[in-house]
Each structure stands twice: as C-alpha cells, then as structure tokens.
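Listed here are the chains, written in short residue letters.
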Amino acid sequence: MSKVREHWGSRMGFILAAAGSAIGLGNLWKFPYITWHNNGGAFVLVYLICILVVGLPIMMAEILIGRRAQKSAVPAFEEIGHKRWSWIGIVGVLAGFVILGYYSVIAGWSITTFLDCIGWSLNGYTPPPDGAFGAFVSDGSTQLGLSAIFSVATLGVVWFGISGGIEKVTKFLMPTLFLILIYFVISSFSMSGFSDAMAFLFEPNFSELPATGILEALGHAFFTLSLGMGLMITYGSYLTKDMSVTRVSAMVVIMDTVVALLACVIMFTIIYSTPGLSEQIGKSTVGMLFVTLPNLFYSGAMPGGTILGPLFYLLVAFAALTSTISLLEVMVSYFIDARGWTRAKSSLVCASGTFVNTIFCALSLGAVGLLSSFTWVSGKSGVLDHLDYLASNWMLPIGGFGIALFAGWVLDKKVSIEELGMVDSSGAPNMQYKIWRIFIRFVAPVAIAAVIIAVMLGKDFS
Ligand code: PHE
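Residues numbered from 1 in each chain as written. Predicted model: local features only at pLDDT ≥ 70, side-chain atom pairs only at ≥ 80, totals over all residues. Heavy atoms only, no water.

## So, the site of the ligand
Of all residues adjacent to the ligand, which total 15 residues, the nearest are A22, G26, Y103, F223 and S226. At 3.3 Å, a side-chain N or O of N27 approaches an oxygen atom of the ligand. Here an oxygen atom of the ligand and a side-chain polar atom of Y103 are 2.5 Å apart. The fraction of the free accessible surface of the ligand (330 Å²) that becomes covered by protein chains is 100%. Here the ligand is seated within the largest cavity. Of all elements in the fold, only helix 1 (11-22), helix 2 (25-37), helix 10 (213-224) and helix 15 (305-339) reach the threshold of two or more residues within the shell around the ligand. Per-class residue counts for the shell around the ligand are seven nonpolar, eight polar and no charged. (Near = heavy atom within 4 Å. Polar contact = N/O pair within 3.5 Å; in protein donor to acceptor, adjacent residues only side chain to side chain. Areas by Shrake-Rupley, 256 points an atom, 1.4 Å probe, with all protein chains shown as cover. 1 Å grid on protein atoms, 1.4 Å probe; cavity = no way out; pocket = protein on both sides within 12 Å on 5 of 7 lines; lining within 4 Å. Sits in = over half its atoms within 2 Å of the grid points. Helix = DSSP H or I, 4+ residues; strand = E, 2+ residues; numbered from the N terminus. Nonpolar A, V, L, I, M, F, W, Y, C, P; charged D, E, K, R; others polar.)

Below, the structure is given as structure tokens:
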C-alpha cells in the first residue's frame, strides 16, 4: 500500500522553508567575509550575475525534478526513469551528513554569543580578554553541549514532518528574522559609516577584483542557495502541482540574495563607523561575526547597541536553525522514501548518526589534539576544516554539475516544459524556457567545470 505523500500546506509555507534553508550562516557569516576580502563592489556584481545565470537555473532544475518525481533526492531519479543518475542524490545525502556535522558546531556559537550579549546589556560591557575566543572553541565540553542543543532542536522540528514541523516553525522564524533585519538596516541609516559601506558594496571597481573572485562567487552561490545536494529536489517533492516552480524558485533566490546584501550593509556600516577598524578587520573567517561584531555593539558606534546585540545573535541562531532543519530533512526523507522507514525512526537514526560526526567536529577546534591538528589538504587543519573543504569545494559543485547535465541534456524536454509551465498561447515553449535551457545546458556546466578544475589545481573556495 502506498502512503499518501505529505505536502506543504501553502505556497508561502514552501517559500519560507526553502528560503529558510538557503538563508543561514552562509549569508550572515561567509558572504560578508568573502565580500570584504574580494574588495566589495565588483565582487558583489559578479556574485549577482552568478546567482542569476547559474544559481537560479539550477534551483529551478532541482525543484522541477523533485516536484515531478514526488520523491526525495535519491529515489527521485528512478521515479522519473533515470535510475543511473541516482548518484547525484547519493552525493547529496552524504553532503547533508558532512555539512550538518560541522554546521551545528558553528551554529552553537550563536547561542553563547547571544547569552554573552544579554549579560553585557544587563550588567555593562567587559571586553573579553585576548585569546578568549580560542579558549572557547577549544573547550570540548562547551562545544559538545552547544552543538547538542542545536542538534536536538533540529531533530525536534524534523520529527514532526513537513507541514506539522518544518513549515510551522519556519513560518514563525523567517518573518521574525526579516523584521529583526529590517530594524537593523533602519538603524544603520543614521550611522556615520553608512555611505562608505554603500560605496564599498555597490561601486564596482574591476581593477580591485582578485582573479579568483569569479570562481569564489560561483562556489559560494551553491552553498548559500543550498544547491547541488538534492535539498531543493527534496523540498520540491513536497510541492503540489498547482504551485509554479519558476515563481517559487525566483522568490527563494531573491530572498537569499537580499538577506546576504543586507547583512553586508549592516556589518560594513558598523565597521566603517568605528575609526581604525576597517584596517584591522578579518583575520579569520569566524572573527568578523563572533568576535569583532559583539565588541562593536557595545562600543557606542551603534545607537541602541545593547538591544541590537542580543537581537542580532538571535537572528543568527534562527537563520542557522532553519538551515540545519533542511539538512537533516534530506537524509530523513531518503530513508523514508527509499527504505520505507517511519519518519520517527528515520529522524532519530539520522540525527543520532550525524551527531557522531558533530562530536568529531566539536572536538576538532583544539579540544582533542589528534582531531584538531592534522593536515591532509594544505591550509586546512582538523576535522571541521576538512569537512567544510570537502563539501564546499567538491560535493556541492559536483552535485550541481550533475544536476545541470541531467536537467539540460538527459531529462526529456517535454517534462521540463511541463513542470516549468513555460509555454506560449499556442502551447509551444516560450522565450523564458529557451533562455533557461541555454543556461542549464551550456552556461552552468561550463562555469561549474571551471570551479572544479580550479579546485583540482589546488584552489580553495571553502
Ligand atoms: N544555505 C545555507 C547557508 O547559507 C547552508 C546550507 C547548504 C544549507 C546546503 C543546506 C544545504 O548557510
């Protein structure tokens, strides 16, 4: 007997959940950091182009495959008659395991920073001593405790399924996140560094764009849009036939991009408003979000910093949670669809299995020497660092490459036309469809191949 498949309760529910997956640490932590190091303006423009010509077409391809198959990432390919391409889904489920393992550790830091901020707001600010962050990340029990809180919260949502868990929670978290963000943007208008920040972000100067900037922008497009790992296939599989794939894809891509840009506006405004800071910023990726920024909220540069401080880390935690939920769902739905497990069993097994990975990651920032200091890939050290390298540089681009080839060259044209609903009044494929098809067949595979080749030659985009 076949069970009735769960579905999203509404189009908005899907959009918010998919946007929740896309919007996360990638937007609030990674994007501002790489934008800063690639000198703003020109990089931002290149990034927007990558999102438009590669990100959006692949997002549409993933959602249309999922919606057509009504099955999660691995069985979806068999369901639509292309079992040989199931490897894309398998790479995806493995990527979910890899990313969720370390993402939960970093997400956990938002809880501590949130609590620190509350303390500072109530009792006055005491700057943490030099090296405090290093001591914090290498404290094994703290790292385990924080990531455990995050993992349990993630399990708690996925356990209740699509409309009863994921949709309900994201429908509350995402609008809250947007409100907090808007409040921040309005606050930054009145700060002295606002116009410098806008100029840095939106005045392109191509002579300042590093040569690898284009590939870095492209690599990041996958991570930030949650593409290349079957996630949008999975979320799309819970979509009903009356929702337009094109429209929901566009909404998700726009929301993700707007949040990434707003995060930059906020952070760079704070940075430019603090004299001398722009010169010393950003030695490490995490530094900006978890070390520099908390200081700034209490430096007096930001009006209302005592309220905004805790609020900001609440926003980070919310954004991270809606991403961890989606990462777990890819694995959970695989075991439900392909192995016939119940949701309860699948959620429990996948979350516990991934937590083993999380334990290794949590202890790899100094707590356990053996896990923290080995170097397999030059410039990386320890488990967490290597897993991020593996997922961002290899798994997501390879998965994305597979999707583009499959949707552009293998999948019957009739299927994509039908699922995208891109026909003119006579029923023939319209202009939009032709454009999509050029991007998915030629532009996306060539661009992704360039990233993969660069990685093979030793470049690192993680
Ligand atoms: N898109 C998320 C972010 O920007 C990360 C993520 C990647 C989530 C892949 C799910 C799948 O933080």
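## Describing the side chain of E62
Along the chain, the position of E62 falls in helix 3 (residues 41-69). In this structure E62 is buried but unpaired, with R5 as the nearest side chain of opposite charge at 13 Å. Among the polar contacts made by the side chain of E62, one reaches the main-chain amide nitrogen of M232 at a distance of 3.2 Å. (Buried < 20%, exposed > 50% of the residue type's maximum accessible area, 1.4 Å probe, protein only. Lys, Arg positive; Asp, Glu negative; His and termini not counted. Salt bridge = Lys/Arg side-chain N within 4 Å of Asp/Glu carboxyl O.)

## A short note on the packing of aromatic side chains
Evaluation of the coordinates by the stated rule reveals 33 aromatic pairs. Pairing W109 with F136 gives two aromatic rings, centres 6.5 Å apart and planes at 65°, and the pair type is edge-to-face. Of this pair, W109 sits in helix 5 (residues 86-123) while F136 sits in helix 6 (residues 132-137), placing them 27 residues apart in sequence. Of the residues examined, F136 reaches a relative accessible area of 17% and is grouped as buried. Between F297 and F312, the aromatic rings sit 5.8 Å apart at their centres with planes inclined by 45°, giving tilted as the arrangement. Note that F297 is positioned in helix 14 (residues 287-297) and F312 in helix 15, a separation of 15 residues in sequence. Each member of the pair, F297 together with F312, is buried. Pairwise contacts between aromatic rings join W109, F133, F136, F184, F290, F297, F312 and Y313 into one cluster. Residue placement shows K30 over the ring face of F223; its charged tip is 4.2 Å from the ring centre. Taking NZ or CZ as reference, R441 lies 3.8 Å from the ring centre of W409, over its face. (Phe/Tyr/Trp six-rings, centres within 6.5 Å; stacked < 30°, edge-to-face > 60°. Lys NZ or Arg CZ within 6 Å of the ring centre and 35° of its normal.)

## Observations regarding the pattern of salt bridges
For the coordinates displayed, the defined rule picks out 11 salt bridges. For K380, the salt bridge goes to D460, with nearest N and O atoms at 2.8 Å. Placement of the pair is K380 in the loop between helix 17 (369-372) and helix 18 (382-410) and D460 in the segment after helix 20 (431-456), with a sequence separation of 80 residues. Residue K380 is classed as buried on the basis of its relative accessible area, which comes to 9%. Connected via shared salt-bridge partners are R67, R68, K241, E418 and E419.

## Some words on a nonpolar patch on the surface
The grouping of L179, I182, I186 and F189 at the surface amounts to a nonpolar patch, some 430 Å² of accessible area in total. Along the chain, I182 falls in helix 8 (residues 162-189). Given the relative accessible area of 46%, I182 is considered partly exposed. (Patch = residues over 30% accessible without salt bridge, like charges linked within 9 Å, V, L, I, M, F, W, Y side chains within 5 Å.)

## Let's talk about the layout of surface pockets
Roughly 350 Å³ of internal volume is contained in the second largest pocket. Ranked by residues supplied to the lining of the second largest pocket, first place goes to helix 5 with five residues. By residue class, the composition of the lining of the second largest pocket is 10 nonpolar, four polar and two charged. (Points joined across faces, edges and corners; volume = space filled by probe spheres on them.)

## Some details on the packing of helix 10 against helix 20
Axis separation between helix 10 and helix 20 bottoms out at 10 Å; the angle between their running directions is 105°. Put simply, helix 10 runs roughly perpendicular to helix 20. Where helix 10 approaches helix 20, its residues L215, L218, G219 and F222 are matched on the opposing element by A447, I448, A450, V451 and A454. Among the residues making up the contact of helix 10 with helix 20, the classes are represented as eight nonpolar, one polar and no charged. (Axes fitted to C-alpha atoms, helices over the stretch in contact; angles between N-to-C directions. Parallel < 35°, antiparallel > 145°, perpendicular 65-115°, else oblique. Contact = heavy atoms within 4.5 Å.)

## What about the nonpolar core?
Of all hydrophobic cores here, the largest spans 169 residues; its most connected members are I58, Y102, F268, F297 and F312. Here F297 is in contact with F184, I270, M302, G305, T306, L308, G309, F312 and Y313, once residues within four sequence places are set aside. (Core = buried A, V, L, I, M, F, W, Y, C linked by side-chain atoms within 4.5 Å.)

## Concerning the environment of F439
For F439, the position within the fold is in helix 20. The exposure class of F439 is partly exposed, given its relative accessible area of 24%. Spatially, the C-alpha atoms of F439 and V377 are 33 Å apart, while their sequence positions differ by 62 residues.

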